[in-house]
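# A structural walkthrough
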Amino acid sequence: SDSLFASTSGDIPLVAVNGAVYRMLSTPTNVESSLLGDAVGTVSTTTDEPSLADDSAMTGGLSNVAEAGQTIYAVSGVGVNTAVACEVGGNMRLFQRVSYAGKGPGGQGLEDTFSVRGQVAELTLSGVGTLIGDAANDAAAVLLDHATLKSADSSARKQTLTVTLTNGLKLQLGVSGDTVSACGKWSCPEFFEAFESGL
């Protein structure tokens, strides 16, 4: 599959901080220091079973891949509710906000957990094509403006929507029919129409 999300045996590789859960991406294998923003927290708890952790652990900083004591950073040009970075095994890794163990967007809109407006260099819908520049930003704006939440959990996906940002980093949403998913599952037929017309 063309998923950008890293996987490990057992649970997804993640960090949680301030009540939000972020899943590790397979690229880049080392985020450049120039892309790191302010510290947003520290991994206080390392556990093999993060799904069993309580809310205070999720808020206080938790991971199943990063060692306790590691700093969790904001990423330059990306909202802290969208992505963070944290060192894993000596490399600074990128983590994207996802639904996890029933924790979804919690009443927020898609843009609250996927704030990429105006920062999209490329938008690739697997099996369909790629938009670049203004066309990519315009289509992303339609998605952020019109997406409506269908469920807090993100379910199986048949396709992927890969978002390359102007800072070079890539984020990804799962796609199934006219829905996209990462943190929550969102319906947005308008986006798919805009994508097709942008090609």
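Residues numbered from 1 in each chain as written. Predicted model: local features only at pLDDT ≥ 70, side-chain atom pairs only at ≥ 80, totals over all residues. Heavy atoms only, no water.

Residue placement: Ser99 occurs in the loop between β8 (91-97) and α2 (110-113). A polar atom in the side chain of Ser99 sits 2.5 Å from the backbone nitrogen of Gly184. Apart from residues no more than four positions distant in its own chain, Ser99 is found in contact with Gly104, Ala152, Asp153, Ser154, Ala182, Cys183 and Gly184. (Helix = DSSP H or I, 4+ residues; strand = E, 2+ residues; numbered from the N terminus. Polar contact = N/O pair within 3.5 Å; in protein donor to acceptor, adjacent residues only side chain to side chain. Contact = heavy atoms within 4.5 Å.)

As a further point, take the nonpolar core. The biggest cluster of nonpolar side chains holds 47 residues, and the ones touching the most others in it are Leu94, Leu123, Leu143, Leu161, Leu171 and Phe191. With five residues, the top contributor of residues to this core is helix α3 (residues 134-146). In this structure, Met24, Val43, Ala66 and Val88 belong to the second largest nonpolar core, which totals 13 residues. (Core = buried A, V, L, I, M, F, W, Y, C linked by side-chain atoms within 4.5 Å. Buried < 20%, exposed > 50% of the residue type's maximum accessible area, 1.4 Å probe, protein only.)

What follows deals with the pattern of salt bridges. Per the counting criterion, the structure on display carries three salt bridges. Between Asp145 and Arg117 there is a salt bridge whose closest N-O contact spans 2.8 Å. Of the two residues, Asp145 sits in helix α3 while Arg117 sits in the loop between α2 and β9 (120-125), which places them 28 residues apart along the sequence. Judged by its relative accessible area of 36%, Arg117 falls in the partly exposed class. The structure contains a network of salt bridges with shared partners spanning Glu111, Arg117 and Asp145. (Salt bridge = Lys/Arg side-chain N within 4 Å of Asp/Glu carboxyl O.)

Before going further, it helps to examine the sheet that holds strand β11 (residues 148-151). With respect to topology, seven strands assemble into an open sheet ordered β10-β9-β12-β13-β14-β15-β11, the strand pairing being antiparallel. Sheet topology places β10 (129-132) and β11 at the edges, where each strand pairs with a single neighbour. Each strand axis lies, on average, 30° off the axis of its neighbour in the sheet, ignoring direction. Bridge analysis of β9 against β10 gives four bridges, and the strand direction is antiparallel. Bridge pairing links Leu125 to Gly129 in β10. α3 rests against β9, β10, β11, β12 (159-165), β13 (170-176), β14 (179-182) and β15 (184-187) of the sheet, and its axis sits at about 75° to β9. (Pairing = 2+ DSSP bridges. Axes fitted to C-alpha atoms, helices over the stretch in contact; angles between N-to-C directions.)

With 13 residues, α3 should reach 18 Å at 1.5 Å per residue; the first-to-last C-alpha distance of 18 Å fits that figure. Residues Ala136, Asn137, Ala139, Ala140, Ala141, Leu143 and Leu144 constitute the buried set of α3. (Expected span 1.5 Å × (residues − 1).)

Moving on: the packing of aromatic side chains. The description of an aromatic ring pair uses the distance of the two centres, along with the angle that the planes make with each other. Counting across every chain of the model gives two aromatic pairs. Look at Phe191 and Phe192: their rings are 5.1 Å apart centre to centre, the planes differ by 75°, and that puts the pair in the edge-to-face class. Taken individually, Phe191 and Phe192 each receive the classification buried, so the pair is uniform in this respect. Taken together through their ring pairs, the aromatic side chains of Phe191, Phe192 and Phe195 make up a single cluster. (Phe/Tyr/Trp six-rings, centres within 6.5 Å; stacked < 30°, edge-to-face > 60°.)

Bridge analysis of β9 against β12 gives five bridges, and the strand direction is antiparallel. When the bridges of β12 are listed, Thr124 appears paired with Thr162. Between β9 and β10, which pair antiparallel one after the other, the connecting turn spans three residues, and Gly127 there sits at a positive phi close to 80°.

Moving on: the pairing of β8. Of all seven residues in β8, six are buried, a share of seventy percent or more. Turn length for the strand β7 (residues 83-88)-β8 hairpin, with the two strands adjacent in sequence and antiparallel, is two residues, and the turn residue Gly89 shows positive phi of about 60°.

Honestly, that's just the spatial picture; any functional story needs more than this.
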